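Take a look at the letters that make up each chain.
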Amino acid sequence: MFGIAAHLIPERQRRTLDELVDRLDLNSGDVRSKQSAFWIMLTLSAIIAVAGVIGDSTATVIGAMIVAPLSTPILGIGLGIVSGRGRLVATSVAYVLAGVVVVTVLGVLFAQVLPNPTNVLTNSQVQGRTSPTVVDLVAALATGLVGAVAVTRRDVGDVLPGVAIAISLVPPLGVVGVCLGSGAPSLALGAFVLFASNVVAMVITAVIVFTVAGIARTDTAGTVGTPRPRRARAYTVLLVALVAVAVPMVINSLTSLWAGQVADATRDWLDSAGVASAEVTDVVWSGDTVTVNVLSPGALPPIDSLQRTVDGLVPWDPQLVVVHTTGSRESAN
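This one's a predicted model, so the numbers in the text were calculated from it and none came from an experiment.

Draft legend 1. Spotlight on the confidence of the model for the chain. Scored by pLDDT, the chain comes out at a mean of 85, with 88% of its residues at no less than 70. Low confidence marks residues 220–226, where pLDDT is under 50. Its contacts with residues over four positions away, or in another chain, come to ten contacts.

Draft legend 2. Quick look at the packing of helix 6 (residues 86–113) against helix 10 (residues 170–181). Two elements in contact, helix 6 and helix 10, have axes whose closest approach is 7 Å; the angle formed by their N-to-C orientations is 45 degrees. In terms of orientation, helix 6 lies oblique with respect to helix 10. The interaxial crossing formed by helix 6 with helix 10 has right-handed handedness. Across the interface between the two elements, Gly99, Val100, Val103, Thr104, Gly107, Val108, Ala111 and Gln112 from helix 6 touch Val170, Leu173, Gly174, Val176, Gly177, Val178, Leu180 and Gly181 from helix 10. Each residue belonging to the contact of helix 6 with helix 10 can be placed in one class, and the counts come to nine nonpolar, seven polar and no charged.

Draft legend 3. Spatial organisation of the sheet that holds strand 3 (residues 319–325). Taken in spatial order, the three strands make up an open sheet running 1-2-3, and their pairing is mixed. The sheet is open, and its two borders are formed by strand 1 (279–286) and strand 3, each paired with just one other strand. Recorded for the sheet is a direction-independent mean angle of 20 degrees between the axes of neighbouring strands. Sheet analysis places strand 1 next to strand 2 (residues 289–295), joined by seven bridges and oriented antiparallel. Along strand 2, the bridge assignment pairs Val283 with Val292. Packed on one face of the sheet, helix 14 (residues 304–313) meets strand 2 and strand 3 and runs near 135 degrees to strand 3.

What counts as what
- Residues numbered from 1 in each chain as written.
- Predicted model: local features only at pLDDT ≥ 70, side-chain atom pairs only at ≥ 80, totals over all residues.
- Heavy atoms only, no water.
- pLDDT = per-residue confidence, 0-100.
- Contact = heavy atoms within 4.5 Å.
- Axes fitted to C-alpha atoms, helices over the stretch in contact; angles between N-to-C directions.
- Helix = DSSP H or I, 4+ residues; strand = E, 2+ residues; numbered from the N terminus.
- Parallel < 35°, antiparallel > 145°, perpendicular 65-115°, else oblique.
- Left-handed = near helix turned anticlockwise from the far one by under 90°.
- Nonpolar A, V, L, I, M, F, W, Y, C, P; charged D, E, K, R; others polar.
- Pairing = 2+ DSSP bridges.

Here's what the structure looks like:
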């Protein structure tokens with residue numbers, strides 16, 4: 001492990017425990033300045049993110065990602081666990097939870113008062129954050145690793161804005177608030193899973209990096225810390241949290257995979273029946289029912305054969321519903 005630490009975080013560039021505490025503990029050092037900066041930046045980031053979500057503006061949402069200060073207490077949780085500082089863990093968790101409440105409430109309020117010329121629930125900022133998959137979790141773990149290394153090394157701090165953009169902490173919470181304010185709790189839950197997965201990934205990678213960097217070994221004797229059994233419980237809680245956020249993400253990944261397979265099977269079914277100018281517009285899962293939306297000016301063949309194909313693709317036998325919309329296509333000469 002020491003060899004890994006030498007390459008990952010060279011000793012000459014490694015921040016000391018005291019330096020890390022000063023950066024990540026909002027209740028140490030110049031407390032008033034740290035806390036005012038945190039709350040001001042968090043509130044402004046939330047306003048920017050919610051406005052960007054409602055306005056479907058990617059550039060605005062990216063601006064909110066850069067401003068967001070939530071990564072500080074999240075990394076503080078990891079530092080507190082590794083260094084055995086129970087107070088740091090508790091206060092950092094409190095800041096994260098308070099941040100969740102502030103951003104979500106602002107999202108709910110703004111969803112009520114801001115003009116919404118289109119259905120906000122169908123814009124790209126919402127849709128891209130309400131069905132997280134395993135790919136999002138892998139990306140969060142990799143991004144969290146970069147963030148933890150950046151805060152531990154003195155020479156790579158310039159990558160932190162990029163980490164803030166990639167890990168995306170405030171925008172998913174903004175989506176949670178907007179969806180709740182728009183009467184879509186299921187979409188809000190999906191966005192919260194994305195936020196929670198990013199938080200868990202960031203804490204886990206921070207624990208790994210701080211451990212490799214030897215932070216636990218450099219902790220001074222006499223520090224009010226967390227006994228080893230309690231630290232082991234913290235690791236258990238992290239593992240349970242990882243499983244809790246991974247399960248819905250795995251389900252979303254499999255659902256997306258099966259939806260694509262069902263769409264391909266439907267196209268083959270239409271082609272084999274000689275249905276001209278037919279198009280599969282959408283595949284939607286709802287419990288044990290899969291609904292396939294087909295746009296075609298002509299009649300569709302019986303769906304029995306398609307049902308058998310779908311039964312062969314999906315481990316259980318879902319109920320297949322085909323929604324047929326008639327129409328015609330025109331093209332310019």
